[in-house]
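Remarks on the overall topology
These are the residues of each chain, in order.
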Amino acid sequence: MKENKYDDPSFFEAYGNMTRSRKGLDGAGEWHALKQLLPNFKGKRVLDLGCGYGWHCRYAAENGAVSVVGIDLSTKMLEKAQSFTTDHRIHYQNTAIEDLEFSPERFDVVLSSLAIHYLADFDGLVKKIYQLLSLRGVFVFSVEHPVFTAYGSQDWIYDSKGNKTHWPVDNYFNEGKRKAIFLGQEVIKYHRTLDTYVNGLLSHGFTITGFVEPSPEEHMLAQDPDWKEELRRPMMLIISSTKNVKA
Ligand SMILES: C[S@@+](CC[C@H](N)C(=O)[O-])C[C@H]1O[C@@H](n2cnc3c(N)ncnc32)[C@H](O)[C@@H]1O
C-alpha cells in the first residue's frame, strides 16, 4: 500500500519547517556522510527515488551529471523541486517507486535519500534497480536505521519527570509495517533488519562499497548541543553498492 503522506497539507507544511527543508543538504545531519559515498557524477545518468525537494538531483547535475530523473509520489514535493530549478538536465516525474518503469541499463547511478523505508518490498526494488543500472552502475541510499524503526513508535521512553531514559528496540526480527509518529502525524513506514538490507543487495548481484551509520560531526555537536542526542542510538543507515555481473 502506498501512502502519499507528503501531499497532506498540514504534513507538507510541517515538513517544510524542518531544518533540512529550509537549509537543504547542509541542514541535513547525515549529508557529510552521504556525500562521501556518492560517486563521481561527471557524465552520469542519474535516477533519484523519492526525490522530494530535489536537493540531491540538483547536486548531481551541479557535479556533472548529463541527465537526472527525480521521481516522487507527492505532487506537492515535486512542485517545490521544480520551483528550485530550470536546469534542462533535470526531469521530475510523479511516479511511485513501486511503479518504476525504465528500459534496462537506462541509468549509471540510482540514489535515494530517506524514502525506501516507505516501501514494503525491498527485495523487489533491488531486483528492479539491478535491471535499470548499467554494469558497474552505482546504487546509494539512506534509510532510517533498523534500530530506529524496529519498535515502531519512533519516540524515546520517558521517566516521570519527562527525561528520555532510552530508545526502545523490540520486535527486531518482525519485519514489516509500523505506525510511526512523524511530524505529529501517524505515518506508515516499513522496518527491515540489517540482514535484509545487506543480503538483499548481495543476493541480487551488488557489491557493497560503503556502509555508514552516520553520527553528528564534532563541529555540529559544538554548535548545537541538541545533536548530542543523536549519539544515543543510530537513526540512519547509508549503503553504497555497485552492480556486478551475477555469479
Ligand atoms: C523524507 S522525504 C526525502 C526527500 C528527499 N529524498 C530528501 O532527502 O531531501 C521522503 C520522500 O519520499 C517520497 N515517497 C514516499 N513514499 C514514496 C513512494 N512509494 N514512491 C515515491 N516517493 C515516495 C515522499 O513523497 C517524500 O518526498
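That block above? That's the structure.
Criteria and thresholds
- All residue numbers refer to positions counted from 1 along the written sequence of the respective chain.
- The model is predicted, so local features are restricted to residues of pLDDT at least 70 and side-chain atom pairs to those at 80 or more, both for listing and for counting; the totals for chains, interfaces and linings are taken over all residues.
- Just so you know, side-chain values use all the structure's heavy atoms and leave hydrogens and water out.
- In summary, the pairing rule links any two rings of Phe, Tyr or Trp, Trp by its six-membered ring, whose centres are within 6.5 Å, and it sorts them by plane angle into stacked for under 30 degrees, edge-to-face for over 60 and tilted for everything else.
- We count a stretch as a helix when DSSP gives it H or I for four or more residues in a row; a strand needs E for two or more, and each element gets its number in order from the N terminus.
- Partly exposed residues are those whose accessible area sits between 20% and 50% of the maximum for their type, while under 20% is buried and over 50% is exposed, using a 1.4 Å probe and protein chains only.
- By the criterion adopted, a ring carries a charge over it if an Arg CZ or a Lys NZ lies within 6 Å of its centre and within 35 degrees of its normal.
- Paired strands, in this sense, are two strands between which DSSP finds at least two bridges.
- Note on definitions: salt bridges are taken to be side-chain nitrogens of Lys or Arg within 4 Å of carboxyl oxygens of Asp or Glu.
- Residues are counted as near a molecule or strand when any one of their heavy atoms sits within 4 Å of it.
- The definition of a polar contact used here is a pair of N or O atoms within 3.5 Å, where within protein one atom must be able to donate a hydrogen and the other to accept one, and adjacent residues in sequence count solely through side-chain atom pairs.
- In this description, accessible areas are obtained by the Shrake-Rupley approach with a 1.4 Å probe, and a residue is regarded as covered only by the protein chains that are shown.
- In this classification, Asp, Glu, Lys and Arg are treated as charged, Ala, Val, Leu, Ile, Met, Phe, Trp, Tyr, Cys and Pro as nonpolar, and every other residue, Gly included, as polar.

Moving on, we get to the packing of aromatic side chains. Counted by the stated rule, this structure contains 20 aromatic pairs. Centre to centre, the rings of phenylalanine 122 and phenylalanine 141 are 5.8 Å apart; their planes meet at 55 degrees, and the pair counts as tilted. Taken together, the residues span a long stretch of sequence, with phenylalanine 122 in helix α6 (residues 122–132) and phenylalanine 141 in strand β5 (residues 133–144) at a distance of 19 residues. Relative to tryptophan 167, the ring of phenylalanine 148 lies with its centre 4.8 Å away and its plane at 10 degrees, an arrangement referred to as stacked. Of this pair, phenylalanine 148 sits in helix α7 (residues 146–149) while tryptophan 167 sits in the loop between β7 (164–166) and β8 (176–182); the two residues are 19 residues apart in sequence, bridging distant segments of the chain. Residue phenylalanine 148 is classed as buried on the basis of its relative accessible area of 6%. Over the ring of phenylalanine 12 we find lysine 76; its NZ or CZ atom is 5.5 Å from the centre of that ring.

Counted residue by residue, strand β9 (residues 185–191) has six buried out of seven residues, so it is predominantly covered. Summarising the sheet, β8 and β9 pair through seven bridges and their orientation is antiparallel. Following the sheet pairing, isoleucine 181 is matched in β9 by glutamate 186. Once β8 ends, the chain turns through two residues before running back antiparallel as β9, passing leucine 183 with a positive phi of about 55 degrees.

This next bit is on the pattern of salt bridges. Summed over all chains, the structure comprises seven salt bridges. Between lysine 2 and aspartate 99 there is a salt bridge; the shortest N-O distance is 2.8 Å. One end of the pair, lysine 2, is in the segment before α1 (9–16); the other, aspartate 99, is in the loop between β3 (90–94) and β4 (107–113), with 97 residues separating them in the sequence. Taking relative accessible area as the criterion, lysine 2 reaches 38% and is therefore assigned partly exposed.

The subject of this paragraph is the site of the ligand. Taken together, 20 residues lie around the ligand, and Gly50, Asp72, Ile97, Glu98 and Ser113 are the ones closest in. In this structure, a nitrogen atom belonging to the ligand sits 3.2 Å away from a main-chain N or O atom of leucine 73. Between a nitrogen atom of the ligand and a main-chain N or O atom of isoleucine 97, the distance comes to 2.9 Å. For the ligand, whose accessible area on its own is 600 Å², the fraction buried by protein is 97%. Looking at the shell around the ligand residue by residue, the classes come out as twelve nonpolar, six polar and two charged.

Let's shift gears to unusual backbone geometry. Of note in this structure, arginine 136 is not a glycine but carries a positive phi near 70 degrees. Within the secondary structure, arginine 136 is located in strand β5. Despite not being glycine, glutamine 154 has its phi angle at roughly 60 degrees, a positive value. Mapped onto the elements of the fold, glutamine 154 is located in the loop between α7 and β6 (157–158). Using a relative accessible area of 12% as the deciding quantity, one classes glutamine 154 as buried.

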